[in-house]
Amino acid sequence: MNSDSRHKPRIGVFKFASCDGCQLSLLNAEDELLGVVGAVEIAYFPEASRAMSKGPYDIGLVEGSITTHQDAKRIQEVRKQCKTLITIGACATAGGIQALRNWKDVDEFIRVVYATPQFISTLNLSTPIADHVPVDFELRGCPINKHQLLALITATLAGRKPNIPSYSVCLECKRKGNVCIAVARGVPCLGPVTQAGCGALCPSYDRGCYGCYGPMETPNTSSMTSQFRILGQANSQVARAFRGFNAWAWQFRKASEECERT
Amino acid sequence: MTGRATKTIRVNTLARVEGEGSLYIKLVGERVADVKLKIYEPPRFFEAFLRGRHFSEAPDITARICGICPIAYQMSAVHAIERALGIQIPPAVRLLRRLFYCGEWIESHTLHVYMLHAPDFLGYADAIAMAKDHRAVVEKALRLKKIGNRVVQLLGGREIHPISAAVGGFYKVPTEQQLRDLVGDLEWALEASLETVRWTASLEFPNFEQDYEFVALRHEGEYPFNEGRLVSNRGLDIDTAEYEDHFLELHVKHSNALHSVVRGRGSYLVGPLARFNLNFDKLPETVQRVAIDVGLRPPVKNIFRSIVVRAVELVFACAEALRAIREYEPPASPRVEVHNRIGVGQAITEAPRGILYHRYALDENGKILAAKIVPPTSQNQKRIEDDLREYAPRLVAAPIEEATWKCEQAIRSYDPCISCATHFLKLSVDREENTD
């Protein structure tokens, strides 16, 4: 975007299969955006600019999952161009909602959505970026938290470890002083097994967490399943709860598959 | 020399649109041999993912179709499902949903007007480069966008993929005080929107008028968001449930998005231009005057002027948000009770980019048996190609870089959202020099 900035760190933003929401987080940082572009060169960001400069880039931000043969090749090229590669959002870090296909017959899906299936080329699996190339940091969330993104970019440029917590949503609830909706009202809530970062949003809006930040560091998913069962959820419902926007994250995947077996 | 110069305009990655697409135009002399708006955004199987899920999950799942207009998806989903379940929502919830949509229109229209489209008119690659010469303009845009996002955040919990919209209402509704706290910002936003109208109207527009079929919702009492009949300037006037009887989705080889046509007629246009032209009389008189003062009267047939219409809709959205806040009284309960029931329901709502159709079939356990979603950009896709077919021949004499940029500008007039349309875009113009 800014060509007179030879000494500024260069950032590239790359999109794979996704909704554009996580890269939009950067444009949604309205208060910080002009400051950010003063400090770095946004060298490649097609959603925001028609000036697309070639790599290499100091930081690559990758959104989206790998779902096509072309994208599986493209991510290799992107990796080569980026000194530090950061994946942003549930699609890039866990395969996202597109990973729901991983348990299904994709050919049948194509027939449901497209009239002429032979025009469509896609992979059977939606997979996270880290399955294809080494990733330096994974920023979770569906969508990511823009403040975490800015903190992460700042830390990376300063060469220090980012302060992104991996504890559960429960801690955020406690800190906000929320009354536990699972305990007090019997609402099924994935908060205990889900990584913090959203600010315990759903419980603060009187609904159970649906796990959009993916599994926390050490999730006890079998205990979570038992709790859901105690609250009257059928195994099929518990399986569906784990099978959301981070369904292919291994801890959630294992939990949903166990529910399906029993 | 009998040379028929063949010219190719090609844009491999169309910028400042949401999602991935490309353009290919082949000109032989002044004749357009081929126009392909390609959507290479990977296929995304939302309709298939929805099958077997409970209807209560549909607003959360469909929001993920688009990070730019998740509220549109949530609104079409909840209204279609409520229709399937035979639920009536209380007036306070109805008002809050209009306010919620105002927030999304403000945020999305501001993003498009200032950050995605205006740089084309002023010759910048992006809003950041534009900010170097027009810093106050970009700062105003960012503040305006933030105010739209503030409305969304209050009602929905967060800007992207909000969490509060539910079948039957909201998980949690705001207090009157929380809404009153928005008033100061929205009053500033209203003034900034009025400036936006005057600013956009001062831009230069190519002289390019087309005979469009405009399609939009029309409601007897108000400028449309969530309700109304579906109408066009060519006699269409149907209940939204009859949408599939009148519109057809075609699957074309060069695109991962489906092309929509009006049965028996062809391409049509949805979005701000269609809404404005078909609903001008439903805009508050003050907003009508704002449009007329800058020379904007229906029918506006120049797609490049959609940036001014979007600005007029910004004024409307700010004024409507202030009205909603004045009239709000919290509902007795944030949402009405819902029960599983067999049924089929359809709904159309006005996403910032145009009409968004959803249909759901539900079983006795509330499970979704089938879902159909038709996003605005796939409806506009054929119309964009038709526009380029008319517009490209005028660019024959122009240098390739200029011709390409003009075509991109034409496409961006539609504010295409490609991520949405795949269930959409790459630009490439073919110019072969042929001197035989």
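Look up a bit, the structure's there.
Residues numbered from 1 in each chain as written. Chains lettered and ligands numbered in written order. Predicted model: local features only at pLDDT ≥ 70, side-chain atom pairs only at ≥ 80, totals over all residues.

Description of the overall build of chain A
Along the backbone of chain A there are twelve helices and five strands. Its C-alpha atoms give chain A a radius of gyration of 20 Å, near enough to 18 Å, the size a compact globule of 262 residues would have. When its C-alpha atoms are laid out on the principal axes, chain A stretches across 60 × 50 × 30 Å. Sorting the 262 residues of chain A into buried and exposed places 55% on the buried side. (Helix = DSSP H or I, 4+ residues; strand = E, 2+ residues; numbered from the N terminus. Rg over C-alpha atoms; globule rule 2.2 N^0.38 Å. Buried ≥ 20, exposed ≤ 12 C-beta atoms within 10 Å, placed from the backbone.)

Quick look at helix H7 (residues 169–176) of chain A
Residue and element names in this part refer to chain A. All of the buried residues along H7 are Val-169, Cys-170, Glu-172 and Cys-173. All buried residues of H7 fall inside an arc of 160° around its axis, so they share one side. With respect to the buried face of H7, the exposed residues turned more than 90 degrees away are Lys-174 and Arg-175. On its buried side, H7 packs onto helix H9 (201–204). Looking one or two residues past H7, Gly-177 carries a phi angle of roughly 80°, positive in sign. (Arc of directions from axis to C-beta. Contact = placed C-beta atoms within 7 Å.)

Topic: the environment of Val-294 of chain B
Residues and elements named next belong to chain B. With respect to the helices and strands, the residue Val-294 is situated in the loop between helix H11 (285–293) and helix H12 (306–327). With 17 C-beta atoms counted inside 10 Å, the residue Val-294 sits in the partly exposed group. Residues Val-294 and Val-197 lie 97 residues apart in sequence; the distance between their C-alpha atoms is 7.8 Å. If we skip the residues at most four places from it in the chain, Val-294 touches Val-197, Arg-198, Ala-201 and Val-308.

Here we look at the nonpolar core
Counting residues in each nonpolar core, the largest one holds 218 residues, and the members touching the most others are Val-62 of chain A together with Ile-25, Ile-81, Ile-106, Val-312 and Val-315 of chain B. When residues of this core are assigned to domains, at least three map to each of domain 1 (10–158) and domain 2 (169–261) of chain A. Setting aside its immediate chain neighbours within four residues, Ile-106 of chain B contacts Leu-144, Ile-147, Gly-148, Val-151, Ala-189, Leu-314, Ala-317 and Cys-318 of chain B. (Core = buried A, V, L, I, M, F, W, Y, C linked by C-beta atoms within 7 Å. Domains from an automatic or database assignment.)

Re the environment of Arg-111 of chain A
Position of Arg-111 of chain A among the secondary structure elements: in helix H5 (residues 106–113). C-alpha of Arg-111 of chain A to C-alpha of Gly-232 of chain A: the two residues are 121 residues apart in sequence and 36 Å apart in space.

Considering the interface of chain A and chain B
Often, the extent of an interface is quoted as the loss of accessible area upon association of its parts. Opposite the 51 residues of chain A that make contact, chain B presents 48 residues. Sorting the residues of the side of chain A that touches chain B by element identifies helix H1 (21–27), helix H2 (33–39), H5 and H9 of chain A as the ones contributing at least two each. Ranked by the residues each element gives to the side of chain A that touches chain B, the list is headed by H1 of chain A, at five residues. In terms of residue class, the side of chain A that touches chain B is built from 30 nonpolar, eleven polar and ten charged. (Nonpolar A, V, L, I, M, F, W, Y, C, P; charged D, E, K, R; others polar.)

Examining the sheet that holds strand E13 (residues 368–374) of chain B
Residue and element names in this part refer to chain B. Reading across from one edge, E11-E12-E13 is the order of the three strands in this open sheet, with antiparallel pairing throughout. In this open sheet, the two strands that pair with only one neighbour each are strand E11 (343–351) and E13. Each strand axis lies, on average, 15° off the axis of its neighbour in the sheet, ignoring direction. In this structure, strand E12 (residues 354–362) lies alongside E13, joined through six bridges in antiparallel fashion. Pairing of Tyr-357 across the sheet is with Val-374, part of E13. Relative to E11, helix H3 (residues 70–85) is tilted by about 150°, and along the sheet it contacts E11 and E12. Across the sheet, helix H13 (residues 376–391) is in contact with E11, E12 and E13; its angle to E12 comes to roughly 130°. (Pairing = 2+ DSSP bridges. Axes fitted to C-alpha atoms, helices over the stretch in contact; angles between N-to-C directions.)

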